[in-house]
Amino acid sequence: MKKLVIVFILAASLCSCDKFVNGPHGLDDSSQNTPSNIPSAVKNAFNAKYPTASRMEWEPEDGNTWKVKFYLDGVRWEAFFNADGSFISANIK
């Protein structure tokens, strides 16, 4: 019986390893939504402010503002930047 419990625990932990490697939704960074028209100043400012962010989704808000949704330490965030790269705000989503 003891061996059966150990096997079950090992099997359950192996099945959950994908969640730790690829994030809570099983997606990796290759699924990022990165439009080609994001100003480089915005991308550079974002990367400087959030170097460990993953799974970014970029959306133009208007002609001068960009919103990026991303994960940071397993928490979903969104941040806003002006087209010149200046940071506006961020909040937990």
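Since this is a predicted model, take the numbers as computed values, not measurements.

Draft legend 1. Examining unusual backbone geometry more closely. Unlike most non-glycine residues, R55 shows phi in positive territory, near 55°. Its place among the elements puts R55 in strand β1 (residues 54–60). Given the relative accessible area of 10%, R55 is considered buried. One non-glycine residue, D73, lies in positive phi territory at about 55°. By secondary structure assignment, the location of D73 is in the loop between β2 (65–72) and β3 (75–82).

Draft legend 2. Highlighting the packing of aromatic side chains. The tally for this structure, following the rule as stated, stands at six aromatic pairs. For the pair F46 and F70, a centre-to-centre distance of 5.0 Å together with 75° between the ring planes defines the contact as edge-to-face. Taken as a pair, F46 in helix α2 (residues 40–49) and F70 in strand β2 lie far apart in primary sequence, 24 residues in all. Taking the relative accessible area as the measure of exposure, F46 reaches 0% and is therefore buried. Overall, the relative accessible area of 0% leaves F70 in the buried class. Between the aromatic rings of F81 and F87, the centroid separation amounts to 5.5 Å while the plane-to-plane angle is 70°, which identifies the pairing as edge-to-face. Judged by relative accessible area, which is 1%, F81 ranks as buried. On the basis of relative accessible area, F87 is assigned to the partly exposed category, the value being 37%. Here the aromatic cluster, defined as three or more aromatic residues joined through ring pairs, consists of F46, Y50, W58, F70, F81 and F87. If you follow K49 out to its NZ or CZ, it ends over the ring of F87, 4.3 Å from the centre.

What counts, and at which threshold
- Numbers given for residues are sequential positions, taken from 1 along each chain in its written order.
- Per-residue local features of the predicted model are confined to residues with pLDDT of at least 70, and side-chain atom pairs are confined, for both listing and counting, to 80 or more; whole-chain, interface and lining totals are unaffected and use all residues.
- With hydrogens and water excluded, all non-hydrogen atoms of the structure serve as input to the side-chain values.
- Each helix corresponds to a stretch of at least 4 residues labelled H or I by DSSP, and each strand to a stretch of at least 2 residues labelled E; elements are numbered beginning at the N terminus.
- Categorising residues by exposure relies on relative accessible area from a 1.4 Å probe, with only protein chains included: less than 20% of the type maximum marks a residue as buried, more than 50% marks it as exposed, and the intermediate range marks it as partly exposed.
- Ring geometry is summarised as follows: Phe, Tyr and Trp rings, the Trp one being its six-membered ring, pair when their centres sit within 6.5 Å, and such pairs are stacked at plane angles under 30 degrees, edge-to-face over 60 and tilted between the two.
- Charge-over-ring placement is defined geometrically: NZ (Lys) or CZ (Arg) within 6 Å of the ring centre, and within 35 degrees of the ring normal.

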